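Structural features, examined
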Amino acid sequence: MSRKLTTRILGTDSPTAEHEVWAEVAIPDHSALFSSITCTSVGKSSKKGESSMIEKLLVFDQVSDPGNMGLMIRSAKALSWSAGWQTPATVDPFNDKVVRASRALCLDFPMKVGGRWTELEAFLKSREMVPLIADMVPNWISQQKGGGEYLSTAPASVAVDPYRLVWWNWPSSLSRSKAPEKIVLIMSSEHHGVEGRGSVSEGSEEKNRENDEDRAAKKRLLGRAIRVSIPMNLAVESMNVAAAATAMMWELNRVLDSQTKSASSTKEGFKLQIFDKDS
């Protein structure tokens, strides 16, 4: 058909080229990958479906820009992360702009679509996965580095190495000698932050009850999740969520790989940069 008609059908801003090919495809069903864990007759847990394959899960929280969503999916796929989880208030992962930004990798990257926080909480518990939340470095942690590159009001004794991730809100139940092996990285809106928007009434009593349960589940996850931060020049207010997600996924891959290699050799383990507010 004519290029003009093709452009109208696809809804793109720029005209399509003569060599481009497009097609209508079915949205993939990855529900088996997110199947829950059931109990056997002997009281032990058995993994159903392919959920045991998920070791590194990327959660999209309040990501409203389809370009950012597509770039995050593309990075997650490139960096071999297991799957994604779309929470409420996040753009449709099959939005036409997401498809273009991800180069159609959203069709190949396993995604839990419309996953509620109550479901995510149950899934993480069944898989024994540890949630990590991307957050800004708090004021009580120093970011001082020579030459005025980093600013600080905190004691020099807790100064940050700007070339490593900052880990804080570390739970006492976990060993501080290494990072959790099965992780969930939650990337939230750059504008609204991890705490998110204020609650909005839906009008339906049942819907409001579901939203209340969802908010409670999210609050519980936020409370026990490890915070992970990228040290940066404080002259910059924040990083783009897609850029931050890519940097964090790459670095977390490196940390986990370093731990695996050190465990199988005589090398000293990969040390994490962990901070405690009370120390």
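Report on the accompanying structure. Computed from a predicted structure; not experimentally measured.

**A few points about the pattern of salt bridges**
Counted according to the given criterion, the structure contains 13 salt bridges. A salt bridge links glutamate 55 to arginine 127; the nearest nitrogen and oxygen atoms lie 3.9 Å apart. Here glutamate 55, found in the loop between strand S2 (45-47) and strand S3 (56-61), pairs with arginine 127, found in helix H4 (residues 117-127); they are 72 residues apart in sequence, far enough to count as distant. The exposure class assigned to arginine 127 is buried, which follows from its relative accessible area of 2%. A salt bridge links arginine 164 to aspartate 161; the nearest nitrogen and oxygen atoms lie 3.3 Å apart. Overall, the relative accessible area of 28% leaves aspartate 161 in the partly exposed class.

**Overview of the packing of aromatic side chains**
This model, assessed by the stated rule, comprises five aromatic pairs. Between the aromatic rings of tryptophan 85 and phenylalanine 123, the centroid separation amounts to 5.7 Å while the plane-to-plane angle is 40°, which identifies the pairing as tilted. Here tryptophan 85, found in strand S4 (residues 83-86), pairs with phenylalanine 123, found in helix H4; they are 38 residues apart in sequence, far enough to count as distant. Of the two residues, tryptophan 85 and phenylalanine 123, both sit in the buried class. Among the aromatic residues, ring-to-ring pairing joins Phe34, Trp85 and Phe123 into one connected group. In this structure, lysine 112 is placed above the aromatic ring of tryptophan 85, and the distance from its NZ or CZ to the ring centre is 5.9 Å.

**Examining the side chain of lysine 218**
Tracing the chain through its elements places lysine 218 in helix H5 (residues 205-224). By relative accessible area, which is 11% here, lysine 218 ends up buried. Excluding residues that lie within four positions of it along the chain, lysine 218 makes contacts with Asp61, Gln62, Trp117, Val194 and Glu195.

**Concerning the sheet that holds strand S6 (residues 130-134)**
Spatially, the eight strands line up as an open sheet ordered S5-S4-S3-S8-S6-S9-S7-S10, and their pairing is mixed. Strands with a single pairing partner mark the edges of an open sheet, and in this sheet they are strand S5 (111-112) and strand S10 (274-275). Contacts between helix H2 (residues 66-78) and the sheet are confined to S3, S4, S5 and strand S8 (183-188), with S3 contributing the most and set at about 175° to the helix. The strands touched by H4 are S3, S4, S5, S6 and S8; relative to S3, the strand with the most contacts, the crossing angle is about 165°.

**Looking at the nonpolar core**
Grouped together as the largest cluster of nonpolar side chains are 38 residues, with contacts concentrated most on Trp81, Leu132, Trp167, Leu185 and Met187. Sorting the residues of this core by element identifies S3, H2, S6, S8, strand S9 (226-229) and helix H6 (241-263) as the ones contributing at least two each. Per-element accounting of this core gives the leading share, nine residues, to H6. Residues in contact with tryptophan 81, not counting those within four places in the same chain, are Lys56, Leu57, Leu58, Ala76, Phe109, Ile183, Leu185, Met249, Leu252 and Asn253. Leu33, Phe123, Ile133 and Ala225 belong to the second largest nonpolar core, which has 20 residues in total.

Conventions used here
- Residues numbered from 1 in each chain as written.
- Predicted model: local features only at pLDDT ≥ 70, side-chain atom pairs only at ≥ 80, totals over all residues.
- Heavy atoms only, no water.
- Salt bridge = Lys/Arg side-chain N within 4 Å of Asp/Glu carboxyl O.
- Helix = DSSP H or I, 4+ residues; strand = E, 2+ residues; numbered from the N terminus.
- Buried < 20%, exposed > 50% of the residue type's maximum accessible area, 1.4 Å probe, protein only.
- Phe/Tyr/Trp six-rings, centres within 6.5 Å; stacked < 30°, edge-to-face > 60°.
- Lys NZ or Arg CZ within 6 Å of the ring centre and 35° of its normal.
- Contact = heavy atoms within 4.5 Å.
- Pairing = 2+ DSSP bridges.
- Axes fitted to C-alpha atoms, helices over the stretch in contact; angles between N-to-C directions.
- Core = buried A, V, L, I, M, F, W, Y, C linked by side-chain atoms within 4.5 Å.

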